[in-house]
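Examining the three-dimensional arrangement
The residues making up each chain are set out below.
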Amino acid sequence: MSQAFADEEQRMQEFWQLLEVEFNMTSQRAKYHKAETDGSFIHLGGMLVNVEVTNEIGCGAGAIHVQNAAYAAVHAFQAKKVRGKSVCPTLLIELAGPNMSLSGAVYTDMALCDQLSPMVSLQWPHSRLMVQAAKCFAAIRKALPSLHSFYEALDQQALEQQELIRQLEDPYKTSFIGSHGSAQHLLYHKKLSRTCFKATLDSQEGLVLVKFCKSYSKDAHTCLSSHGYAPNLVAIASLTYGWLMVVMEFVTGCLWDEAPKKPVATLEAAVHLLHQAGFVHGDLRSNNIFVLADSVRVIDFEWAGVMEQSTYPHFMNHTDLTWPDGPRNGQLIKQEHDLWWLKLLCDQAAASLVAY
């Protein structure tokens, strides 16, 4: 593929031959309206692989990754039998001159497409480039049988409507290894936000909250939950690309702003306990404080951590939110920042008493 080709058609035909020899994959051009793909592998109505080719980088009528994802999206929404049962996972291969990249696409209530690799040169010989290319081809070799098996199994399924909804809307992660080393299975019931879901566990009664995030302080959370100031923490599971799945007790109280009676002394005790243990929270806004009768449950420990070590994330919202003096992107989270929020919450409680 590193040689020069007269046009895109020649490069595409050569790539088709490579895919057939290496992966036993027979490509064909799929037509959608007035456009057609540069090679698709369709099985039982599902698009396993779609290829988009340009003769060189910068050639063609548009961005190669966008075009590739668009073809997969059109196929997913036209293949109603497959779409009605699944999120239509598709491996996308982009070839621009002697350069190749991999992307992946699924379709839930929206189209989701991620680039899985950078553009990798196929020019030979070059040891480092050869290793990068070999990893991409190994990924294709591993993905194809999995996608083939997925659509084979899907063809045999007759799912109930509720099962279809769950498959299309709920997270793919439905289990984790519990503290005793056994698998715990989740059943999702409701999407609360983009990253939070209400669920139940097969191993215990009661609801749990499942939160997906990139960072979380288990120690700070446990410090408060062990004294009843935070929801009981069930598990934290590591996922791919640095994501975490945090499972905790589901809290049914009301938010601090909504509580007619605000237990100020309990909130003060919780914050002081956290600081005495050497932790800071960093985001003690009212929407992170639940009130249950005379008690509180502090939530959202994504920024929390060890004092004088934990930092604010980059790209904080300084436009819509008012912060204490000091918090800046990447700067240390200070104890006095938490105390600023605590004073603000206590002042709100005093003002609400006056109002009543």
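This report concerns the structure included in the present document.

So, how was this worked out
Residues numbered from 1 in each chain as written. Predicted model: local features only at pLDDT ≥ 70, side-chain atom pairs only at ≥ 80, totals over all residues. Heavy atoms only, no water. Helix = DSSP H or I, 4+ residues; strand = E, 2+ residues; numbered from the N terminus. Buried < 20%, exposed > 50% of the residue type's maximum accessible area, 1.4 Å probe, protein only. Contact = heavy atoms within 4.5 Å. Expected span 1.5 Å × (residues − 1). Core = buried A, V, L, I, M, F, W, Y, C linked by side-chain atoms within 4.5 Å. Salt bridge = Lys/Arg side-chain N within 4 Å of Asp/Glu carboxyl O.

Attention shifts here to the side chain of T266. When you line up the elements, T266 lands in helix α7 (residues 264-276). Exposure remark for T266: the relative accessible area of 18% places this residue in the buried category. Non-local contacts of T266, meaning those with residues more than four positions away in its chain, are made with Y229, D294, S295 and V296.

A word on α7. When the terminal C-alpha atoms of α7 are compared, their 18 Å separation across 13 residues agrees well with the 18 Å that a helix rising 1.5 Å per residue should span. When we look at burial in α7, the residues that qualify are T266, L267, A270, V271, L273, L274 and H275. Backbone geometry just after α7 places G278 at a positive phi near 90°.

Turning our eyes to something else, we now look at the nonpolar core. As a rule of thumb, nonpolar side chains are buried together in soluble globular proteins. Ranked by size, the top nonpolar core spans 40 residues in total, and within it V49, I93, M100 and I140 carry the most contacts. When contributions to this core are tallied by element, the ones reaching two or more residues are α1 (8-23), β4 (46-54), α2 (64-78), β5 (90-96), β6 (99-107) and α4 (127-156). For this core, the leading source of residues is α4, giving eight residues. In contact with I140, not counting residues within four places along its chain, are F23, L91, I93, M100 and L102. Counting residues in each nonpolar core, the second largest holds 38 residues, with C196, W256, L284 and V296 among its members.

Within the structure shown, the criterion is met by ten salt bridges. R285 is paired through a salt bridge with D283; the nearest N and O atoms lie 2.7 Å apart. Residue R285 shares its accessibility class with D283, and that shared class is buried. Where K334 meets E308, a salt bridge forms, and the shortest distance between an N and an O atom there is 3.5 Å. Here K334 is found in the loop between β19 (305-306) and α8 (335-355), whereas its partner E308 is found in the loop between β19 and α8, with 26 residues between them in sequence. K334 sits in the partly exposed class, given a relative accessible area of 26%. Ionic contacts of the salt-bridge type, sharing partners, join the residues E9, R29, E36 and D38 into one network.

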